[in-house]
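Overview (structure and organization)
Single-letter residue listing:
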Amino acid sequence: DVKVTQSSRYLVKRTGEKVFLECVQDMDHENMFWYRQDPGLGLRLIYFSYDVKMKEKGDIPEGYSVSREKKERFSLILESASTNQTSMYLCASRVGQGTPSSYNSPLHFGNGTRLTVT
Amino acid sequence: AQSVTQLDSHVSVSEGTPVLLRCNYSSSYSPSLFWYVQHPNKGLQLLLKYTSAATLVKGINGFEAEFKKSETSFHLTKPSAHMSDAAEYFCVVRPYSNDYKLSFGAGTTVTVRA
């Protein structure tokens, strides 16, 4: 079974702090994603990475950055946390989409990190 | 542009009765469509997917969904609800033009009454 592990289940940070959210997957997946989940809004894509050291902005990248130095690890960074970044953050991984057999393969999600910024 | 609308934010059913979760999508091309489930304090898990093969798709745990192009719908059903079906359900569309930017519906929370 694919396992996607997010390092913290709950985090409480102060406004202005730099925050790191870590995600590790154990299935050699090329693609990795960071989403935030807010009630009534579903999941919104912050950043994604289609391979090591490659990253692309999602739909709501403002205030965030990412790092992918190794294939298994994808980090989300809040440079200066603000209260409107209080949310549930979900990491996901997926096989690369370059072959017909991999097309439409599912996302595998971690259990999420609930971040509160005070 | 693609978008997904889940028509009910909350559905409450009795155990043993049918479940219907409604999803409408908009897409310029034939999309790929998915249903995911999220149990409390867990990540999302794939229930089923439609990828232009059979229009009636069977998934895990007795769920199925029917793709209706004329109605731009992809409703999720289960004939008999179980207590373990209490969760949040997300309808997702994969756009033809971008493999990475999936669009998620706002979610439907299912409550199952004993």
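Scroll up to find the structure this text is about.
Quick look at the structure, then. Here, residues in each chain are numbered from 1, in the same order as that chain's written sequence. Chain letters start at A and ligand numbers start at 1, both assigned in the order the entries are written. Selection of residues for local features in this predicted model requires a pLDDT of at least 70, selection of side-chain atom pairs for listing and counting requires 80 or more, and totals for whole chains, interfaces and linings are taken over all residues. Computation of side-chain values: all heavy atoms of the structure, hydrogens and water removed.

1. Some points on the state of the cysteines
Put plainly, a disulfide is one covalent bond tying together the sulfur atoms of two cysteines. All names here are of chain A. The condition is simple: Pairs of cysteine sulfur atoms within 2.5 Å are what we label disulfides. Each helix corresponds to a stretch of at least 4 residues labelled H or I by DSSP, and each strand to a stretch of at least 2 residues labelled E; elements are numbered beginning at the N terminus. Each residue's exposure class comes from its accessible area (1.4 Å probe, protein chains only) as a fraction of the maximum for that residue type: buried when under 20%, exposed when over 50%, partly exposed otherwise.
In this structure the tally under the stated criterion is two disulfides over all chains. The disulfide bridge from C23 ends at C91, spanning 1.9 Å between sulfur atoms. Judged by the torsion about the S-S bond (-75 degrees), the C23/C91 disulfide is left-handed. Of the two residues, C23 is situated in strand β4 (residues 23-25) and C91 in strand β10 (residues 87-94); the sequence distance between them amounts to 68 residues. The same class applies to C23 as to C91, namely buried.

2. Overview of the side chain of Q6(A)
Residue and element names in this part refer to chain A. The test is simple: Polar contact is defined as a pair of N or O atoms within 3.5 Å, subject to the rule that within protein one atom must be able to donate a hydrogen and the other to accept it, and that residues adjacent in sequence are counted only when both atoms are side-chain atoms. Whether two residues are in contact is decided by their heavy atoms, any of which lying within 4.5 Å being enough.
Residue position: Q6 is located in strand β1 (residues 4-6). Residue classification places Q6 among the buried positions, given a relative accessible area of 11%. Within the structure, the side chain of Q6 is placed 3.1 Å from the backbone nitrogen of G112, a separation counted as a polar contact. The residues contacting Q6, other than those within four sequence positions of it, are E22, W34, Y89, L90, C91, G110, N111, G112 and T113.

3. Describing the nonpolar core
In a soluble, globular protein the nonpolar side chains are often hidden away together inside. For clarity, the threshold we go by: Within this scheme, the nonpolar core is defined by two criteria: the residues are buried Ala, Val, Leu, Ile, Met, Phe, Trp, Tyr or Cys, and they are joined through side-chain atoms within 4.5 Å.
Of all hydrophobic cores here, the largest spans 26 residues; its most connected members are L21(B), W35(B), L47(B), L48(B), F74(B), L76(B) and Y89(B). Among the elements that line this core, the one with the most residues is strand β10 (residues 87-94) of chain B, at four residues. Setting aside its immediate chain neighbours within four residues, L48(B) contacts L33(B), F34(B), W35(B), V57(B), K58(B), G59(B), F63(B), E64(B), A65(B), F74(B) and L76(B). Counting residues in each nonpolar core, the second largest holds 20 residues, with W34(A), I46(A), Y47(A) and Y89(A) among its members.

4. What to know about the pairing of strand β6 (residues 44-50) of chain B
Put simply, the test is: Think of it this way: DSSP has to see at least two bridges between two strands before they count as a pair.
Sheet analysis places strand β5 (residues 32-38) of chain B next to β6(B), joined by six bridges and oriented antiparallel. Bridge pairing in β6(B) places Y36(B) opposite L46(B).

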